[in-house]
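Next come the chains, spelled out residue by residue.
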Amino acid sequence: MNKFVRHDGLVAPLNRSNVDTDLIIPKQFLKSIKRTGFGPNLFDELRYLDEGFPGQDASNRPKNPEFVLNQPRYEDASILLTRSNFGCGSSREHAPWALEDFGFRVIIAPSFADIFFNNAFKNGLLLITLSEAQVESLMKQVEATPGYRLDIDLAEQVIHCPDGTTLAFEVDSFRKYCLENGLDDIGLTLQQADAIKQFETTYRQNNPWLFRAPVA
Amino acid sequence: MAGRTLYDKLWDSHLVQQRDDGTSLIYIDRQLLHEVTSPQAFEGLRLAGRRPWRLDSNLATPDHNVPTTLKERSVGIGGIEDEVSRIQVQTLDDNCRSFDIEQFSINDERQGIVHVVGPEQGATLPGMTVVCGDSHTATHGAFGALAHGIGTSEVEHVLATQCLIQRKMKNLLIQVDGELGERITAKDIVLAVIARIGTAGGTGYAIEFAGSAIRGLSMEGRMTICNMAIEAGARVGLVGVDQTTIDYVARRPFAPTEEQWEQAVAAWQDLVSDRDAVFDKVVTLDASEIEPQVSWGTSPEMVTGINGQVPDPASISDEPRRRGIERALEYMGLHGGQNIKDIHLDRVFIGSCTNSRIEDLRAAAEVVRGHHVSSSIKQAMVVPGSGLVKRMAEREGLDTIFKQAGFEWREPGCSMCLAMNADKLGAGEHCASTSNRNFEGRQGYGGRTHLVSPAMAAAAAIAGHFVDIREWSFNPERETA
C-alpha cells in the first residue's frame, strides 16, 4: 500500500449523491482476477457512450463529453469532491481499486457507505468527511475556478484551500497510522496471534459445536 | 447495568481485543467465499507466504458468475463459454484445492448463491459471526448471527487471522408490529422500511428487526429482510432467535447433533435483546399499513405502493432531492404522476439471494398456476437459489407450473440480479425483479429494474404490467401433468 502523508492535487466535482459501487465500476469488469487495471473503466457507464467489456482497448471508445472527468480542465484530477452516501451498495473492492488506478488519492463527501469506507482506506485512499455546507461551498468554488487545487495534510488533519483558509477534518487514528506508514493490517493483526489463539482456546471449549466437521 | 441488545451480545462474545484507538479484533466463525471477491485475497496470501488460520471455518461456492443454462452447465467449468468468467470460476476451484478449502463446485447439487447455501447447510448457525466478500451477507443475521459484508482485503485478513478489525456500530431497532395484509410479504416490509429511512438511514448501525410482524415470518422471510439491510446502509441486519430459528437449523448437515445440539440450543436461548436493552435509534412501522411495494427509480428508497404514482419532481422543493429524482426518471424512462400499474414491462426475473428460496418459488408458482406469461413479455425466468432448492421445487412440481406458463427454469446462481453472466436486460428494458438493487446498469447496460416480491413479479409476468396481488385470481390447485 502507498504511504499517504500530504497530497496537493487538482479537484474534480462529481455533483450527485448516492453514487453506488455499480456505477463506480460495473459488474462485467469484476471478472478480472487481478487487483490492477480497473482505472480505464472507472465510472464506465458515465464516461463512455457505448457499453464496455473487459479486455477492450478503452482509448478508442466514444467518450461522453458531458461527464466531468472527460472535461480537459479536470484531466489529472486526484481529489474527487462528491455528495452524500458515496460508495453505497455492493462490497466490491474493485471500486477503490478503480479509483486508485485512475489516479485518485482523496475523496471528499458529506458521508460514505460503511463497506466502501473500509475498503478505500485499505488501499491507500484518504476519505474525508466534511459537512454538507462545507461540501456545497467547495463544490461552488471548484466549478467556478478552473485549476482549483487543494493541499491535504494528513498529519495535521487539515485541508489548505487556495484562498488561504483551512478546513479541519477527522480521521480514525488507526487508519491514519496505517495510511502514514503504508501498512498492511494483516501483519499488524498477526502480531496479536497469541491473543487470538488464547481467545480461540476458551471459545472452543465454550462453543464446541462451532468447531466440527459436517455430517456427510 | 442496562440490558444488552442482541448486537451487543454477539459483539461481546467475539471480542478478542479492544484497542486504545477504538478499533477491535472480532473473532470470525464462518467465512463464505465465492469466485468474484476471493481471487485477489488468495493471491495476497500466496505472495505473503501465509496459510489460512482455520480451514474448517471456510466454505466456498461459485455463484456470481456462473451460467444458468443447462447447455453451459452440463459440462462443468469447461462449459462456461465466456472465457474471462471461466478463468474466474476455475481460479476459485484451484484456490480451494491448493488451500484445502471445502467447496461446493459448479455442478455439485449443493452449489448455489452463498447466502442461500450457508443457511441451507446449517453452515450459518445462531450466535456465529459470519463474513463474506459480498454486501448481502447481512442475510445471515436472520439467524441471530453477526454477519458482515466485507471487501477483498478483509477476506484476506479473515483467511490469515480469523479476525476482522471493526469499530462497534450503533444499535437501530426497527419494530414492525401489527398484522400484515393478505399477500404482503417480507420483501414488501423491507422495501417499506428502506422507503422510510432511506438508503443511508442505517449507515453506521446494526439494525435489529423485531415486532410481531417479524416474529410471524418464516426463516426465508427473515432472510429476505436482513438481506436488504445493506440497501438501507447497514452492514448488519439481525433478528433474535426463537423456535422458528431453531426448527429451521435442526438436522442440517453442518448443524450440531446429539449432546452438542442440546448444548447449542441452550446457549442460543440468550440470543435476543434484553427487555431493558437501549437502542440508539428506534423506528416503528405498522404492518397493517404496508401495501405491495414496487420501486420506480434507481435507488432502493425510490419505492411506492402498487396503487401509487411515480413522484412528480416539480412538487419537490428540496433541490438535491429533486435533481436525484429527475435523473432517476430520465434513466427509467418514466414521467412524474405515471401510475405504477401503467409501467410497461419487458422481462421478469425471479431469483437472487433476496428471493430464490423454496418459499419464494412456491409463492410465485401459486400465482402462475393455470396462467400464461403475457405475450408482451420477452422473457420470464426463474433461477433457484441452489441446487437443493431446485431439486425440492422440482419434487413439488413447481418447475412444471413455471414451464407450462412460459417461464424459463434455470440452473442456480446470482444470474440477472447483477448480470455478470449472460442473463441481462437490454438497454431501455423494464424488468419486474425479485432482486435487491435497482441501480443504473445493475441488471444490464441501460436496463431498468423494478424491485418487487416474488408473487408480484409472477403476477406482472402474466399480466404484462404490475397488478395488485391482493386482487389476483388464483387458480385452485390441480394436476399439472
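A quick note: this is a predicted structure, and the numbers were derived from the prediction, not measured. (Residues numbered from 1 in each chain as written. Chains lettered and ligands numbered in written order. Predicted model: local features only at pLDDT ≥ 70, side-chain atom pairs only at ≥ 80, totals over all residues. Heavy atoms only, no water.)

A closer look at the pairing of strand β3 (residues 30-33) of chain B
Residues and elements named next belong to chain B.
Then step 1. Neither face of β3 is left uncovered, since the one carrying Arg30 and Leu32 and the one carrying Gln31 and Leu33 both have all their residues buried.
Then step 2. Alignment of β3 against strand β6 (residues 129-132), held across three bridges, turns out to be parallel. Note on β6: the bridge partner recorded for glutamine 31 is valine 131.
Then step 3. Of the pairings in the sheet, the one linking β3 to strand β4 (residues 58-60) comprises three bridges and is parallel in character. (Buried < 20%, exposed > 50% of the residue type's maximum accessible area, 1.4 Å probe, protein only. Helix = DSSP H or I, 4+ residues; strand = E, 2+ residues; numbered from the N terminus. Pairing = 2+ DSSP bridges.)

Some details on the interface of chain A and chain B
Then step 1. Taken residue by residue, the interface counts 58 residues in chain A and 79 residues in chain B.
Then step 2. Across the chain A to chain B interface the summed buried area is about 5800 Å²; carbon plus sulfur atoms make up 55%.
Then step 3. Three residues, A:Lys27, A:Lys31 and A:Trp209, lead the burial of chain A against chain B; their summed loss comes to 13% of the area buried on that side.
Then step 4. At the junction of chain A with chain B, the criterion picks out six salt bridges.
Then step 5. Across the salt bridge formed by A:Lys31 and B:Asp82, the nearest N and O atoms sit 2.4 Å from each other.
Then step 6. Linking chain A with chain B are 33 residue pairs in polar contact (both at pLDDT 80 or more), by the criterion used here.
Then step 7. Looking at which element gives the most residues to the side of chain A that touches chain B, the answer is helix α8 (residues 193-206) of chain A, with seven residues.
Then step 8. Each residue belonging to the side of chain A that touches chain B can be placed in one class, and the counts come to 23 nonpolar, 15 polar and 20 charged. (Contact = heavy atoms within 4.5 Å. Buried area = accessible area lost by both parts, 1.4 Å probe. Salt bridge = Lys/Arg side-chain N within 4 Å of Asp/Glu carboxyl O. Polar contact = N/O pair within 3.5 Å; in protein donor to acceptor, adjacent residues only side chain to side chain. Nonpolar A, V, L, I, M, F, W, Y, C, P; charged D, E, K, R; others polar.)

Focus: the sheet that holds strand β2 (residues 24-27) of chain B
All names here are of chain B.
Then step 1. With respect to topology, three strands assemble into an open sheet ordered β1-β2-β8, the strand pairing being antiparallel. Across the chains shown, the open sheet's two edge strands, defined by having one partner strand only, are β1 (15-18) and β8 (163-166). Sheet twist, expressed as the mean angle between neighbouring strand axes with direction ignored, is 20 degrees.
Then step 2. Inspection of the sheet shows β2 paired to β8 by four bridges, in the antiparallel sense. (Axes fitted to C-alpha atoms, helices over the stretch in contact; angles between N-to-C directions.)

Notes on the UniProt feature "domain: Aconitase A/isopropylmalate dehydratase small subunit swivel" (unreviewed entry) in chain A
Then step 1. Mapped onto the present numbering, the UniProt feature "domain: Aconitase A/isopropylmalate dehydratase small subunit swivel" (unreviewed entry) falls on residues 1-132 of chain A.
Then step 2. Within the segment residues 1-132 of chain A, helix and strand shares are 20% and 17% respectively, and the terminal C-alpha atoms sit 30 Å apart. (UniProt positions renumbered as here; feature names shortened; annotations may be inferred.)

Digging into the sheet that holds β3(B)
Then step 1. The strand order across the open sheet built from five strands is β5-β4-β3-β6-β7 (chain B), with neighbouring strands paired in parallel fashion. Of all the strands in the sheet, the pair left with one neighbour each is β5 (102-103) and β7 (146-149) of chain B.

Brief notes about the pairing of strand β5 (residues 149-153) of chain A
All names here are of chain A.
Then step 1. Judged by how many residues are buried, β5 sits mostly within the fold: four of five residues are covered.
Then step 2. As paired strands, strand β1 (residues 6-14) and β5 are joined by five bridges and run antiparallel to one another. Residue pairing across strands places aspartate 8 opposite aspartate 151, the latter belonging to β5.
Then step 3. In this sheet, strand β6 (residues 158-160) lies alongside β5 in antiparallel orientation, the contact comprising three bridges. Each bridged residue has a counterpart across the sheet, and for aspartate 151 the counterpart in β6 is histidine 160.
Then step 4. Hairpin connection of β5 to β6: four residues between the antiparallel strands, including glutamine 157 at a positive phi of 55 degrees.

Thoughts on the packing of helix α2 (residues 39-48) of chain B against helix α4 (residues 83-99) of chain B
Residue and element names in this part refer to chain B.
Then step 1. It is at 10 Å that the axes of α2 and α4 come closest, and there the two elements cross at 40 degrees. Judged by the inter-axis angle, α2 sits oblique to α4. The crossing of α2 and α4 is left-handed. Together, Pro39, Phe42, Leu45 and Arg46 of α2 and Gln88, Thr91, Asn95, Ser98 and Phe99 of α4 make up the contact between the two elements. (Parallel < 35°, antiparallel > 145°, perpendicular 65-115°, else oblique. Left-handed = near helix turned anticlockwise from the far one by under 90°.)

Observations concerning the pattern of salt bridges
Residue and element names in this part refer to chain B.
Then step 1. Per the counting criterion, the structure on display carries 44 salt bridges over all chains.
Then step 2. With a closest N to O distance of 3.3 Å, arginine 46 and glutamate 43 form a salt bridge. In this pair, arginine 46 and glutamate 43 both sit in helix α2, three residues apart, roughly one turn of the helix.
Then step 3. Arginine 46 gets classed as partly exposed once you look at its relative accessible area, which sits at 42%.
Then step 4. Accessibility expressed as a relative area gives 37% for glutamate 43, which makes it partly exposed.
Then step 5. Two residues, arginine 222 and aspartate 242, come together in a salt bridge whose shortest N-O distance is 2.8 Å. A residue pair is termed long-range when its members are at least 10 positions apart, and arginine 222 in helix α9 (residues 219-227) and aspartate 242 in the loop between β11 (236-238) and α10 (243-249) qualify at 20 residues. Each member of the pair, arginine 222 together with aspartate 242, is buried.
Then step 6. Bridged by salt links that share partners, the residues Asp346, Arg347, Lys378 and Glu429 form one connected network.

Looking at the packing of aromatic side chains
Residue and element names in this part refer to chain A.
Then step 1. Tallying each qualifying case throughout the model produces 17 aromatic pairs over all chains.
Then step 2. Residues phenylalanine 86 and phenylalanine 116 carry aromatic rings whose centres are separated by 5.4 Å and whose planes lie at 75 degrees to one another, so their mutual orientation is edge-to-face. Here phenylalanine 86 is found in the loop between β2 (77-82) and α3 (94-102), whereas its partner phenylalanine 116 is found in helix α4 (residues 114-121), with 30 residues between them in sequence.
Then step 3. Taking relative accessible area as the criterion, phenylalanine 116 reaches 2% and is therefore assigned buried.
Then step 4. Note on phenylalanine 102 and phenylalanine 104: the rings are 5.2 Å apart at their centroids and 20 degrees apart in plane angle, and the pair reads as stacked.
Then step 5. According to the relative accessible area criterion, phenylalanine 104 is buried, its value standing at 0%.
Then step 6. Following the ring pairs from residue to residue traces out a cluster consisting of Phe86, Phe112, Phe116, Phe117 and Phe121. (Phe/Tyr/Trp six-rings, centres within 6.5 Å; stacked < 30°, edge-to-face > 60°.)

Comments concerning the domain arrangement of chain B
Residues and elements named next belong to chain B.
Then step 1. What the domain assignment reports for chain B is domain 1 (1-291) and domain 2 (293-471).
Then step 2. Each of domain 1 and domain 2 has a C-alpha centre, and these two points are 24 Å apart.
Then step 3. Facing 47 residues of domain 1, the contacting portion of domain 2 comprises 46 residues.
Then step 4. Both sides of the domain 1 and domain 2 interface together cover about 3700 Å² of buried area, and 56% of this is carbon and sulfur.
Then step 5. Inspection of the region where domain 1 meets domain 2 yields four salt bridges.
Then step 6. Taken together, the links from domain 1 to domain 2 amount to 31 residue pairs in polar contact (both at pLDDT 80 or more).
Then step 7. Listed by contribution, the elements that provide at least two residues to the side of domain 1 that touches domain 2 are α3 (70-73), α5 (114-121), α7 (186-197) and α9. (Domains from an automatic or database assignment.)

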